[in-house]
Amino acid sequence: MDVHVRTMANRYLSQLTHTTLARAVHAHILTSGFRPTTLILNRLIDIYSKSSNIRYARQLFDKIPKPDIVARTTLLAAYSSTGNINLAKQLFNDTPLTIRDTVSYNAMITAFSHSLDGHAAVQLFIEMKRDGFVPDTFSLSSVLGALSLIADQERHCQQLHCEVIKWGAIYVPSVLNALMSCYVCCASSPLVQSCILMAAARKLFDEMPMSMRDEPSWTTIIAGYVRNDDLAAARELLDGMTDHIAVAWNAMISGYVHHGFYEAAFDLFRRMHSMGIHQDEYTYTSVISASSNAGLFNIGRQVHAYVLRTEVQPSQHFVLSVNNALITFYTKCGKLVEARRVFNKMQVKDLVSWNAILSGYVNARRIEEANSIFREMPRRNILTWTVMISGLAQNGFGEEGLKLFNQMKLEGLEPCDYAYAGAITSCAVLGSLDNGQQLHSQLVRLGHDSSLSAGNALITMYARCGLVESANTVFLTMPYVDSVSWNAMIAALAQHGRGVQAIQLYEQMLKEDILPDRITFLTILSACSHAGLVKEGQNYFDTMCSRYGITPGEDHYARLIDLLCRAGMFSEAKNVTESMPFEPSAPIWEALLAGCRIHGNIELGIQAAERLFELMPQHDGTYIILSNMYATLGQWDEVARVRKLMRERGVKKEPGCSWIEVENMVHVFLVDDAVHPEVQAVYRYLEQLVHEMRKLGYVPDTKFVLHDMESEHKEHALSTHSEKLAVVYGIMKLPLGATIRVFKNLRICGDCHNAFKFISRVVEREIVVRDRKRFHHFRNGECSCGNYW
């Protein structure tokens with residue numbers, strides 16, 4: 001009976017590949033009552049392992065009194081393939097040295113390599129030789145693959161190169177390709193000269209017999225040149241290939257796309273098609289990315305159509321990869337409808353798909369729809385949360401951004417530096433210094449303070465919270481800065497009226513060989529405008545194109561016109577508008593109107609307002625400025641006419657409000673506030689302050705009351721302005737000597753500006769007010785703006 005069952009078991013198990021049948025035979029063996037041989041047990045362990053039934057394999061293994069090396073190695077390889085490195089390591093360590101063989105060492109080296117632990121793999125290779133085991137070609141190729149993960153010096157590659165020669169494996173294709181890959185990977189290390197390592201890899205390739213040059217050989221050397229930025233050498237090899245290997249062509253196209261050579265990528269794509277080389281998902285995603293990065297909508301759409309026409313039965317991986325690239329392409333080109341159509345048609349979506357469509361809506365500033373997508377997502381990762389937090393912050397939803405950041409932490413996710421940057425930007429939007437400083441402390445504690453994105457966000461946060469010195473400290477202590485850092489610091493100085501310092505920093509930036517971009521010129525023009533540095537601003541505008549090849553945009557012209565109009569140079573401003581290469585649009589007329597308000601140029605102001613009424617009929621600012629200009633001249637009939645026009649068009653004035661942070665809580669005040677629980681105490685204290693201010697010469701400037709009323713009523717109206725209430729509340733509640741920091745959604749009132757100079761003398765404190773345009777620092781009766789605002 002035993003012989004019959006054993007014969008049957010051997011016959012079936014030698015042919016079985018299906019787990020269900022293997023289990024049936026296994027059950028029959030057990031019920032028959034005979035004890036299977038080691039060969040049969042090992043065969044069952046192998047079948048269970050290869051069919052991912054490792055639990056059954058382990059149960060069977062544990063029932064063997066003395067499992068041999070075959071059973072151990074089979075189970076070890078199964079653990080390796082499923083990523084259970086700890087169990088694999090435990091099993092290997094429990095294997096007696098007396099029964100180990102080269103195959104078992106190879107399996108463990110491979111397991112370490114698959115788990116990206118290159119150091120452990122190399123160390124085991126050294127122990128293997130020390131214990132007297134002879135490496136075979138699989139040992140060498142495995143350890144070379146592991147070394148590729150960690151090699152950062154030339155000698156690391158050379159040492160194993162010697163091992164390959166010593167064991168006579170230099171002409172084994174798998175070993176030679178692994179050695180070449182090792183040199184290529186090490187060439188990317190900052191500790192070596194890449195050209196020397198690539199030369200060593202090229203020497204191996206050139207000395208390789210033509211019959212040995214297979215797909216991995218060509219792909220390794222070509223991708224190596226691409227990876228190490230030598231596209232010319234990669235292309236030379238590609239053009240010299242006798243076999244058309246699609247993977248190598250894909251590597252070349254990817255390299256062109258990565259370095260911005262989009263036309264070369266398209267040309268290679270067309271050549272692949274004409275030469276009949278198979279184009280797969282990697283080809284298409286690279287070309288679609290090129291179309292996306294270059295903004296070539298028509299080409300990308302043609303590629304999309306080509307894929308639909310030629311790929312009849314694409315694999316699921318193909319469909320997923322290409323559709324994800326298409327979603328990014330359409331969103332970058334501003335075609336959200338097309339992107340959503342691709343997304344909605346996908347039968348299978350992964351996290352990349354969801355993040356791509358979410359990013360598209362966030363970048364398009366369609367935050368409500370982005371929020372809806374975020375809530376629908378079946379799964380989220382760090383990138384998902386970061387995109388949403390940053391999107392909320394950059395679109396003015398600072399409070400929502402901070403709430404989402406805190407929710408992310410509550411759900412157990414550890415924020416990355418980009419998530420912290422988004423949360424810090426939220427603090428900048430809110431002017432929430434306390435929260436911003438807490439986040440800064442967390443960054444330092446977690447070791448993210450060296451992050452470039454977080455550092456740039458901190459510069460902006462401190463600047464927008466009124467601490468330009470702290471912003472400068474962050475800038476000076478950052479281990480690495482880029483053009484965004486310089487732009488952020490120049491903008492910070494510009495916002496705080498430090499035009500001369502902004503110019504000095506700009507000149508230092510040029511000395512550091514950092515090329516200015518269009519954002520740099522926007523910030524430096526703003527700095528000149530806020531400080532009245534007309535000649536300097538005109539010079540910088542002229543050098544944009546002449547020296548740096550940057551064509552001024554509409555926003556640059558608007559800053560230049562603002563600079564001229566603030567200085568009362570209306571004829572020069574008019575000449576600029578007439579010489580522009582495009583018709584003046586809303587930002588240009590807004591700059592003209594703002595200058596007219598400052599200098600009372602009612603004639604040009606009316607002209608600018610009329611154009612703005614045509615271009616932006618629902619924008620309340622135009623009506624308010626024109627109405628205020630008429631009110632300043634006492635032309636109350638015209639004031640009434642403008643306000644009637646607002647009512648007829650359904651335009652509502654944005655209500656002015658100011659806010660201040662006290663003890664980590666934001667207190668908001670409206671004009672003529674009667675809602676804040678302590679507002680009556682604020683009014684009483686303000687009366688006391690005005691009494692003291694009058695002793696120093698303060699006289700309420702009633703021309704800033706833009707309603708037709710009696711003089712005493714005008715003085716009372718001035719005392720109810722939101723910024724005054726917020727400043728007085730800060731004086732009442734903050735510790736003696738603490739700086740008062742107030743934020744306002746509109747421009748600061750002229751009388752309030754004057755009053756704060758006197759208040760700063762009376763209470764002997766610094767008062768910082770951020771309005772819609774800039775910062776004002778009041779100290780000892782003076783303002784940082786020098787009354788040029």
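Attention in this report is confined to the structure presented alongside it.

Parameters and conventions
- Residues numbered from 1 in each chain as written.
- Predicted model: local features only at pLDDT ≥ 70, side-chain atom pairs only at ≥ 80, totals over all residues.
- Heavy atoms only, no water.
- Helix = DSSP H or I, 4+ residues; strand = E, 2+ residues; numbered from the N terminus.
- Buried < 20%, exposed > 50% of the residue type's maximum accessible area, 1.4 Å probe, protein only.
- Contact = heavy atoms within 4.5 Å.
- Phe/Tyr/Trp six-rings, centres within 6.5 Å; stacked < 30°, edge-to-face > 60°.
- Lys NZ or Arg CZ within 6 Å of the ring centre and 35° of its normal.
- Core = buried A, V, L, I, M, F, W, Y, C linked by side-chain atoms within 4.5 Å.
- Patch = residues over 30% accessible without salt bridge, like charges linked within 9 Å, V, L, I, M, F, W, Y side chains within 5 Å.
- Areas by Shrake-Rupley, 256 points an atom, 1.4 Å probe, with all protein chains shown as cover.
- Salt bridge = Lys/Arg side-chain N within 4 Å of Asp/Glu carboxyl O.

### Brief notes about the environment of R597
Looking at where R597 falls in the secondary structure, it is placed in helix α35 (residues 586–599). On the basis of relative accessible area, R597 is assigned to the partly exposed category, the value being 33%. Between the C-alpha atom of R597 and that of Q508, which follows or precedes it by 89 residues, the distance is 35 Å. Discounting chain neighbours no more than four positions away, the residues touching R597 are I625, M629 and R747.

### Points about the packing of aromatic side chains
One pass over the full model with this rule turns up 25 aromatic pairs. Ring centres 6.1 Å apart and planes at 70° place the aromatic pair F269 and Y284 in the edge-to-face group. One end of the pair, F269, is in helix α16 (residues 262–274); the other, Y284, is in helix α17 (residues 281–294), with 15 residues separating them in the sequence. Judged by its relative accessible area of 11%, F269 falls in the buried class. Pairing F669 with Y729 gives two aromatic rings, centres 5.5 Å apart and planes at 55°, and the pair type is tilted. Residue F669 is found in strand β2 (residues 665–670), and its partner Y729 is found in helix α41 (residues 722–733); the two are separated by 60 residues along the sequence. Sitting above the plane of the F205 ring, R213 keeps its charged end 4.3 Å from the centroid.

### Description of the nonpolar core
One finds I221, I222, Y284, L358, M388, M461 and M489 to be the most contacted residues of the largest nonpolar core, which totals 202 residues. Among the elements that line this core, the one with the most residues is helix α11 (residues 173–186), at 9 residues. The residues contacting M461, other than those within four sequence positions of it, are I424, C427, A428, L433, G436 and Q437. Membership of the second largest hydrophobic core comes to 32 residues, among which are I660, I731, I767 and V769.

### Thoughts on a nonpolar patch on the surface
On the surface, a nonpolar cluster with roughly 230 Å² of combined accessible area is contributed by V666, V668 and L670. Along the polypeptide, V668 turns up in strand β2.

It is worth stressing that arrangement in space is one thing and function is another; only the former is reported here.
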